[in-house]
Amino acid sequence: MQNKKIEILLKTIELLKAELAQLVDEAAEFTDPEVVKKSQELDRVLIEYYQFLKSVNKENTLKDKPG
């Protein structure tokens, strides 16, 4: 289950990066509202990805502790 979520998040990140790159190529400025919106969307997914990895690592660390 965790691997599936990681896979989905990584695919989403790659898709958003490609969309952002295309928007940047088409826009006159980095401050174009569509570029900013897509960048913020990518930021949100990246944060979700890193938070998920952190929680998985924490869970694994707790499982590995002798107890």
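Quick notes on the rules
- Residues numbered from 1 in each chain as written.
- Predicted model: local features only at pLDDT ≥ 70, side-chain atom pairs only at ≥ 80, totals over all residues.
- Heavy atoms only, no water.
- Helix = DSSP H or I, 4+ residues; strand = E, 2+ residues; numbered from the N terminus.
- Rg over C-alpha atoms; globule rule 2.2 N^0.38 Å.
- Buried < 20%, exposed > 50% of the residue type's maximum accessible area, 1.4 Å probe, protein only.
- Contact = heavy atoms within 4.5 Å.
- Areas by Shrake-Rupley, 256 points an atom, 1.4 Å probe, with all protein chains shown as cover.
- Lys, Arg positive; Asp, Glu negative; His and termini not counted.
- Charge placed at Lys NZ, Arg CZ, Asp CG, Glu CD.
- Core = buried A, V, L, I, M, F, W, Y, C linked by side-chain atoms within 4.5 Å.
- Phe/Tyr/Trp six-rings, centres within 6.5 Å; stacked < 30°, edge-to-face > 60°.
- Expected span 1.5 Å × (residues − 1).
- Polar contact = N/O pair within 3.5 Å; in protein donor to acceptor, adjacent residues only side chain to side chain.

A. View of the overall build of the chain. Across its full length, the chain carries 2 helices and 0 strands. Taking 2.2 N^0.38 as the reference for a compact globule, 67 residues should give roughly 11 Å; the C-alpha atoms of the chain span a radius of gyration of 16 Å, well beyond that estimate. Counting every position in the chain, which comprises 67 residues, the buried fraction comes to 18%. Restricting the contact set of the chain to residue pairs at least 6 apart, pairs at least 24 apart contribute 61%. Just so you have it, the chain exposes about 5,500 Å², and 56% of that area is on carbon and sulfur atoms. Of the charged side chains in the chain, 11 are positive and 13 negative, and the gap between their average positions amounts to 12 Å.

B. Local environment of the nonpolar core. With 11 residues, the main nonpolar core is built from Ile6, Leu9, Ile13, Leu16, Leu20, Val35, Leu42, Val45, Tyr49, Phe52 and Val56. A per-element tally of this core places helix H2 (residues 33–64) first, with 6 residues. Residues in contact with Ile13, not counting those within four places in the same chain, are Leu42, Val45, Leu46 and Tyr49.

C. Examining the environment of Phe30 more closely. Tracing the sequence through the fold places Phe30 in the loop between helix H1 (2–26) and H2. Residue Phe30 is classed as exposed on the basis of its relative accessible area of 64%. The contacts of Phe30, once residues within four sequence positions are left out, are Val24, Val35 and Val36.

D. Broad picture of the side chain of Lys38. Within the element layout of this structure, Lys38 appears in helix H2. Judged by its relative accessible area of 16%, Lys38 falls in the buried class.

E. A look at the packing of aromatic side chains. All chains considered together, the criterion is met by 1 aromatic pair. With a centroid separation of 5.1 Å and an interplanar angle of 70 degrees, the aromatic rings of Tyr49 and Tyr50 are classed as edge-to-face. For Tyr50, a relative accessible area of 53% gives the class exposed.

F. Seen up close, H2. Compared with the 46 Å implied by 1.5 Å per residue over 32 residues, the 47 Å span of H2 between its first and last C-alpha is a close match. Every buried residue of H2 is listed here: Val35, Lys38, Leu42, Val45, Tyr49, Phe52 and Val56. Its buried side turned inward, H2 meets H1. One side-chain oxygen of the residue at the start of H2 lies 2.9 Å from the amide nitrogen of Glu34, identifying that residue as Asp32.

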